[in-house]
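Coordinate inspection notes
Each chain is listed here by its residues.
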Amino acid sequence: DAGWFKEIITQIIIGDGYLLMVPNVFTPNNDGKNDVFVPKFSGFINISMRIFNAYWNLLHESAESGGDDGAGNIIKPEIIPWDGSNADLNSKMYIYQINGALINGEVIEKTGTIQILRWWGIYIYLYFWYSQHSVWDNNHITTRLGKLNF
């Protein structure tokens, strides 16, 4: 029987068959770390994302991407990140909706909230607190707790 063989190709799904990790906060301060909101995912054949403010006004949309190229090849879906540049500065929370289809055809819908941390707000708070409890000296603050460098 040398030379005779049979090739079998099958998909194996482990666990839920997909991964969707959604951050709950990001900091668009151009430091190269967490500057945009973008979920990490795998196992999807297509996916889309929308971001709303607290009044359900649409701020960002990453239209459905991915799918099949017609020849049976799966096109890897991508989500366009949100940089928060059009965010309402008065809003504390934003709402995301992620919809996608898995390779096995199951539809996944996830809705949740995210928050933008704007560091200038923390600096203003620190300025007022330290101005009452500290001494400023050329980019340093001397407090009862020690010296802070900026």
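Residues numbered from 1 in each chain as written. Predicted model: local features only at pLDDT ≥ 70, side-chain atom pairs only at ≥ 80, totals over all residues. Heavy atoms only, no water.

Observations regarding the side chain of Asp 35
You can see Asp 35 is positioned in the loop between β2 (25-26) and β3 (40-42). In this structure the side chain of Asp 35 is engaged in a polar contact, spanning 3.4 Å, whose partner is the backbone nitrogen of Asn 29. A polar side-chain atom of Asp 35 sits 3.3 Å from the main-chain amide nitrogen of Asp 31. Setting aside chain neighbours within four positions, we find Asp 35 in contact with Phe 26, Thr 27, Pro 28, Asn 29, Asn 30 and Asp 83. (Helix = DSSP H or I, 4+ residues; strand = E, 2+ residues; numbered from the N terminus. Polar contact = N/O pair within 3.5 Å; in protein donor to acceptor, adjacent residues only side chain to side chain. Contact = heavy atoms within 4.5 Å.)

A few points about the pairing of strand β8 (residues 107-116)
Side-chain positions along a regular strand alternate between the two faces of the sheet. Strand direction decides the pairing type here: β2 and β8, joined by 2 bridges, are parallel. Paired with Val 25 across the two strands is Gln 115, which belongs to β8. (Pairing = 2+ DSSP bridges.)

Details of the packing of aromatic side chains
We describe a pair of aromatic rings using the distance from one ring centre to the other and the angle between the two ring planes. Within the structure shown, the criterion is met by 7 aromatic pairs. Between the aromatic rings of Phe 52 and Trp 56, the centroid separation amounts to 5.1 Å while the plane-to-plane angle is 50°, which identifies the pairing as tilted. Exposure remark for Phe 52: the relative accessible area of 7% places this residue in the buried category. Among the residues examined, Trp 56 registers a relative accessible area of 46% and is labelled partly exposed. (Phe/Tyr/Trp six-rings, centres within 6.5 Å; stacked < 30°, edge-to-face > 60°. Buried < 20%, exposed > 50% of the residue type's maximum accessible area, 1.4 Å probe, protein only.)

Brief notes about unusual backbone geometry
Peptide bonds are trans in most cases, and residues, glycine excluded, mostly fall at negative phi. The residue Asn 34 is not glycine, and still its phi comes out positive at about 55°. Mapped onto the elements of the fold, Asn 34 is located in the loop between β2 and β3. Positive phi, normally seen in glycine, also occurs at Trp 56, with a value near 65°. Relative to the helices and strands, Trp 56 resides in the loop between β4 (44-52) and β5 (58-68).

So, the confidence of the model for the chain
Averaged over all residues, the pLDDT of the chain equals 77, while 71% of them reach at least 70. Below a pLDDT of 50 lies the segment residues 121-127, which in the model reaches 3 contacts outside its immediate sequence neighbourhood of four places, other chains included. In the predicted structure, residues 129-150 sits below a pLDDT of 50 and forms 28 contacts with residues beyond four places in sequence or in another chain. (pLDDT = per-residue confidence, 0-100.)

As for the environment of Pro 77
With respect to the secondary-structure elements, Pro 77 resides in the loop between β6 (74-75) and β7 (94-102). When its relative accessible area of 3% is taken as the criterion, Pro 77 is described as buried. On a C-alpha basis, the gap between Pro 77 and Gly 100 in space is 9.6 Å, while along the polypeptide they are 23 residues apart. Setting aside residues no more than four positions away along its own chain, Pro 77 makes contact with Phe 41, Phe 44, Ile 45, Asn 46, Ile 47, Ser 65 and Gly 66.

Some thoughts on the nonpolar core
Core analysis: the biggest nonpolar cluster contains 18 residues, and Phe 37, Ile 51, Trp 82, Tyr 94 and Ile 114 have the highest contact counts within it. Contributions of two or more residues to this core are made by β4, β7 and β8. (Core = buried A, V, L, I, M, F, W, Y, C linked by side-chain atoms within 4.5 Å.)

Here's the deal with the sheet that holds β8
Taken in spatial order, the 6 strands make up an open sheet running β2-β8-β7-β4-β5-β6, and their pairing is mixed. Each edge of the open sheet carries a strand with a single partner, namely β2 and β6. Pairing geometry for β5 and β6, over 2 bridges, is antiparallel. Opposite Asp 68, over in β6, you have Ile 74 as the bridge partner.

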